[in-house]
Amino acid sequence: MLLGKLTFVGDCMPGRLVGRSLERMGLSASARRVRASARGAEDASSPRAVVVANLECALDAAGPARPYKDDGGPNLHASPAMADWLRQAGVDVLVLANNHAGDCGRAGIVSTCRAIRSAGLACVGAGDDYDRAIAPLVVRAGDARVAIVAVGNGLAADGGRPGVSPLRTATLRQALARVESDVDATVVVLHGGIEFLSTPESWLRDLAAEAVRGGADLVVGGHPHCLRGLASVGGRPVFYSLGDFLADTRHEATLADHVRRTALTALGFGVADPSVCRWSMALDVTVQSRRRLTWSVRPLVIDEDFLPRPATPQESTEFDRRMAALCEAASGQDRAALRFVRAVEKAYARRYGTGRTTRQWLTLPFRVRGRHLRSLWRRARELVGTTGCRL
């Protein structure tokens, strides 16, 4: 039995160098090419897939007030007309719970939502107020009704003020509690972490586990501009990052400037392999029956014109090799990768431990919280259970 299909792709930023590339190629031609990467070889006999992408910028005609944020990161935006181009490129749903949706301020979030809906697309993870920002989006994929919940590390909605659905455990629980009981599947999208770090942080693992406990059948991550591995959490697949899908991060000068401003560089670690920005993937998900999903991955490469294309056979072999190593790290089997990410987290906590809310969030693994005690208790029960004893 097959109810419906969805495809998830990574971060999209159709402005800056990408926007210039689209204009040189022509909007129609570039849309056809990106559509082929997003949708792959479509089968006319099966339901049309719903394509979900993360929009990594604001859609606002005025643009940002300044080029960089307080933390050194760039403010990104594109023309509102890009919403219609994304529709032509095969995208159906745009996730806005991220750190660039608010780059044109709260008014920019309103204009972004308006442009998306005017183009006939749906969006999730941001809204005119907190209640709308955290609201799940229910999409129809064939005969399946799928709920999408998104939280991210951006300009947080606050009461009646526009913003994104904040990257907090409490928000995630509130959003999941609002998912209708009769949906066929629930997908949670998490946007956050340390850029260019290819192993998921401990706090992100905890949040993914919280999502699964709250009813998620699939968790999809984004933000680090590189691929991360897959892990099984509570019997559900967690893809910690799909990489960039439409971005100029692989441009040498842009990448050098970006890396120079990242937390990894500020903490003295740097980025060992700049080519990580070339690799991407499309995640094809099939809803077989209620709460039963199957999935497959299509390797993609970000080309020199900053648009994605299917990987060649040789590139697919390299992709498989990279993903095998990333999955070992994501599932906790690569001890060297775990030691590295712990060193990064400790350095982050020392440097930013008393800073702003986002910094406090990233240092949660180093602060005693009730959920950590519950996690220790749960792990203790699992450990004792393997010895045949009972607690």
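For the structure, see preceding data.
Residues numbered from 1 in each chain as written. Predicted model: local features only at pLDDT ≥ 70, side-chain atom pairs only at ≥ 80, totals over all residues. Heavy atoms only, no water.

Examining the overall build of the chain
Inclusion rule: Helix and strand definitions follow DSSP, with helices as H or I runs of at least four residues and strands as E runs of at least two, each counted in order from the N terminus. With C-alpha atoms as the basis for the radius of gyration, the globule rule is written as 2.2 Å multiplied by the number of residues raised to the power 0.38. Categorising residues by exposure relies on relative accessible area from a 1.4 Å probe, with only protein chains included: less than 20% of the type maximum marks a residue as buried, more than 50% marks it as exposed, and the intermediate range marks it as partly exposed. Note on definitions: a residue-residue contact is assigned when non-hydrogen atoms from the two residues lie within 4.5 Å. For every accessible area listed, the method is Shrake-Rupley and the probe measures 1.4 Å; residues are considered covered only by the protein chains on display. Residues scored as charged are limited to Lys and Arg (positive) and Asp and Glu (negative), so that His and the chain ends carry no count. Charged side chains are reduced to one point each, which is NZ for Lys, CZ for Arg, CG for Asp and CD for Glu.
Along its length, the chain carries 13 helices and 18 strands. Scaling as 2.2 N^0.38, a compact globule of 391 residues should have a C-alpha radius of gyration of about 21 Å, and the chain matches this with 20 Å. The C-alpha extent of the chain, read off along each of the three principal axes, is 65 × 50 × 50 Å. Taking all 391 residues of the chain together, the buried fraction comes to 56%. Look at the contacts in the chain between residues 6 or more apart in sequence, and 71% of them connect residues 24 or more apart. Accessible area of the chain: about 16800 Å², with a carbon and sulfur share of 51%. Here the chain contributes 53 positively and 40 negatively charged side chains, and the mean placements of these two sets differ by 6 Å.

What about the sheet that holds strand β11 (residues 185-191)?
Put simply, the rule reads: Note: two strands are recorded as paired if DSSP finds a minimum of 2 bridges between them. Every axis corresponds to a line fitted to the C-alpha atoms, with the helix fit spanning only the stretch in contact, and the corresponding angles, defined between N-to-C directions, vary from 0 to 180 degrees.
Spatially, β8-β9-β11-β12-β14-β13 is the arrangement adopted by the six strands of the open sheet, whose pairing is mixed. Of all the strands in the sheet, the pair left with one neighbour each is β8 (137-141) and β13 (230-233). Pairwise comparison of adjacent strand axes, ignoring direction, gives a mean angle of 25 degrees for this sheet. In this sheet, β11 lies alongside strand β9 (residues 144-152) in parallel orientation, the contact comprising seven bridges. Within β11, the position partnered with V151 by the bridge is L190. Helix α6 (residues 169-177) rests against β9 and β11 of the sheet, and its axis sits at about 165 degrees to β9.

Regarding unusual backbone geometry
Although it is not a glycine, R16 sits at a positive phi angle of roughly 55 degrees. Residue R16 is classed as partly exposed on the basis of its relative accessible area, which comes to 36%. Even without glycine at this site, R291 takes up a positive phi of about 65 degrees. Relative to the assigned elements, R291 resides in the loop between β16 (279-289) and β17 (292-302).

What to know about the pairing of β9
Counting buried positions over the nine residues of β9 gives eight, a clear majority of the element. Taking the residues that link successive antiparallel strands as the turn, the β8-β9 hairpin has two residues, and the phi of G142 there is positive, at about 65 degrees.

Considerations on helix α7 (residues 202-213)
Rules: To estimate how far a helix should extend, the number of its residues minus one is multiplied by 1.5 Å.
Along its twelve residues, α7 runs 17 Å from first to last C-alpha, staying within 8% of the 16 Å computed at 1.5 Å per residue. Every buried residue belonging to α7 is among W203, L204, R205, D206, L207, A208, A209, E210, A211 and V212, and all of these are buried. Count one or two residues on from α7 and you reach G215, which has phi positive near 115 degrees.

Some remarks on the nonpolar core
Just so we agree on the cut-off: Residues belong to one nonpolar core when they are buried, are Ala, Val, Leu, Ile, Met, Phe, Trp, Tyr or Cys, and are joined through side-chain atoms within 4.5 Å.
Counting 40 residues, the largest nonpolar core has L59 and W85 as the members making the most contacts within it. Among the secondary structure elements, those contributing two or more residues to this core are β1 (4-12), α1 (16-25), α2 (27-39), β2 (50-55), α3 (82-88), α4 (105-118) and β15 (244-246). F8, I148, V220 and V301 belong to the second largest nonpolar core, which has 35 residues in total.

Details of the pattern of salt bridges
The line we're drawing: Every case where a carboxyl oxygen of Asp or Glu lies within 4 Å of a side-chain nitrogen of Lys or Arg is listed as a salt bridge.
Applying the stated criterion across every chain yields a total of 27 salt bridges. The salt bridge involving D158 is made with R161; its shortest N-O contact spans 3.2 Å. Residue D158 is classed as partly exposed on the basis of its relative accessible area of 43%. Overall, R161 belongs to the partly exposed group, its relative accessible area being 42%. A salt bridge links E201 to R228; the shortest N-O distance between them is 3.0 Å. Of this pair, E201 sits in the loop between β11 and α7 while R228 sits in the loop between β12 (218-222) and β13, and the two are 27 residues apart along the sequence. Across the pair, R228 and E201 agree in class, each one buried. Several salt bridges converge on common partners, so that one network encompasses R33, R278, D303, D305, R309 and E315.

Purely geometric numbers; function is a separate question.
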